[in-house]
Amino acid sequence: MEEAEAARAAHAQAEAAKETGIALETHEQHLARARVSFEELRRDQVAEVVSRFEREHFELSAMAAAEARLRQAAEQERDKLVSWLRSLRRNTSECLLEPSCTGRLAATLCEANGTQTELGDTDREEFPALSPRHETLALRLADLEACLFAALSEEAARLHIVEQRMRHTLALKNDMIDELKTELWRK
């Protein structure tokens with residue numbers, strides 16, 4: 001009887017070990033499937049984050065390029081206006097220095113300071129008044145300089161806004177990169 005009990009106990013132990021082995025194997029299979037599922041999910045999330053980052057990076061780069069093109073166009077326009085103003089000054093000076101104007105040369109000599117042309121200090125009693133033609137040219141030049149000065153001020157303000165936008169865009173881009181890094185490290 002002891003032998004039968006020992007055989008039954010051994011058989012029960014073998015059955016329990018077999019069931020434990022099967023349960024362990026099943027548990028390991030579930031764990032392996034969960035790992036594979038987790039890796040696939042993680043891979044998909046990383047791919048989604050990288051895709052979003054690339055898209056946003058492209059959009060920010062496109063915005064930065066557009067702002068740069070606007071800035072270049074504004075600078076080119078400013079350079080054109082400045083060169084046009086210089087040529088007007090030169091032409092006006094040449095006109096004022098014509099031989100027919102030699103009697104009034106001292107009264108009409110223009111000096112250029114920055115973007116403002118001023119008639120030299122002359123005593124009106126000492127020199128005769130400017131001819132209507134020269135006075136018209138001087139007034140036109142002053143008007144053009146005023147327009148150029150206003151345009152330069154507006155352009156400076158626009159360029160300042162563009163610079164602020166670029167700085168803000170780059171800050172957003174850096175923040176986004178940091179957020180994406182944080183997301184990736186958490187996963």
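Since the model is a prediction, treat every value here as computed from it, not as a measurement.

Peer 1: Any chance you could explain the overall build of the protein chain here in plain terms?
Peer 2: When you go through the protein chain residue by residue, the secondary structure sums to three helices and two strands. Going residue by residue from the N terminus, the α and β elements of the protein chain occur as α-α-β-β-α. Of all 187 residues assigned to the protein chain, the portion counted as buried reaches 16%. Intrachain contacts of the protein chain at a sequence separation of at least 6 include 72% that bridge at least 24 residues. Split by element, the accessible area of the protein chain, about 14,200 Å² in all, is 57% carbon and sulfur.

Peer 1: Looking at this structure, how should I read helix α3 (residues 132–186)?
Peer 2: Spanning 55 residues, α3 covers 80 Å between terminal C-alpha atoms, matching the ideal 81 Å at 1.5 Å per step. Those residues of α3 that sit buried are H134, L141, E145, L148, E155, L159, V162, T169, K173, M176 and L180.

Peer 1: Where do I start with the pattern of salt bridges in this structure?
Peer 2: Oppositely charged side chains can pair when the atoms bearing their charge come close. For the structure on display, the rule yields seven salt bridges. A salt bridge links R158 to E154, with the shortest nitrogen-to-oxygen separation between them at 4.0 Å. Note that R158 and E154 are positioned in helix α3 at a spacing of four residues, about one turn of the helix. With a relative accessible area of 45%, R158 lands in the partly exposed category. Overall, the relative accessible area of 48% leaves E154 in the partly exposed class. R158 serves as the salt-bridge partner of E155, at 3.3 Å between the closest nitrogen and oxygen. Within this pair, E155 and its partner R158 are both found in helix α3, separated by three residues, close to a single helical turn. Judged by relative accessible area, E155 falls into the buried class, the value being 12%. Each of E154, E155 and R158 takes part in a single network of salt bridges with overlapping partners.

Peer 1: Looking at this model, I keep getting lost on the confidence of the model for the protein chain. Mind explaining?
Peer 2: Atomic detail in the predicted coordinates should be set aside for any region of low pLDDT. Mean pLDDT for the protein chain: 77, with 79% of residues reaching 70 or above. Taken together, the stretch residues 101–117 has pLDDT below 50 and engages in 40 contacts with residues farther than four places along the chain or on a different chain.

Peer 1: Hey, could you run me through the side chain of K173 in this one?
Peer 2: Along the chain, K173 falls in helix α3. Here K173 sits buried without a salt bridge, and the closest side chain of opposite charge, E56, lies 11 Å off (N-O distance). Contact partners of K173, with chain neighbours within four places excluded, come to H57, L60 and S61.

Peer 1: How should the environment of H57 be read in this particular structure?
Peer 2: Positionally, H57 belongs in helix α1 (residues 2–96). Accessibility expressed as a relative area gives 32% for H57, which makes it partly exposed. Note: C-alpha distance between H57 and I177 (120 residues apart in sequence) is 9.1 Å.

Peer 1: Looking at this structure, I do not really get the environment of A65. What am I missing?
Peer 2: Turning to its location among the elements, A65 is positioned in helix α1. Of the residues examined, A65 reaches a relative accessible area of 31% and is grouped as partly exposed. Along the chain, A65 and M166 lie 101 residues apart, while their C-alpha atoms are 9.7 Å from each other.

What counts, and at which threshold
- Residues numbered from 1 in each chain as written.
- Predicted model: local features only at pLDDT ≥ 70, side-chain atom pairs only at ≥ 80, totals over all residues.
- Heavy atoms only, no water.
- Helix = DSSP H or I, 4+ residues; strand = E, 2+ residues; numbered from the N terminus.
- Buried < 20%, exposed > 50% of the residue type's maximum accessible area, 1.4 Å probe, protein only.
- Contact = heavy atoms within 4.5 Å.
- Areas by Shrake-Rupley, 256 points an atom, 1.4 Å probe, with all protein chains shown as cover.
- Expected span 1.5 Å × (residues − 1).
- Salt bridge = Lys/Arg side-chain N within 4 Å of Asp/Glu carboxyl O.
- pLDDT = per-residue confidence, 0-100.
- Lys, Arg positive; Asp, Glu negative; His and termini not counted.

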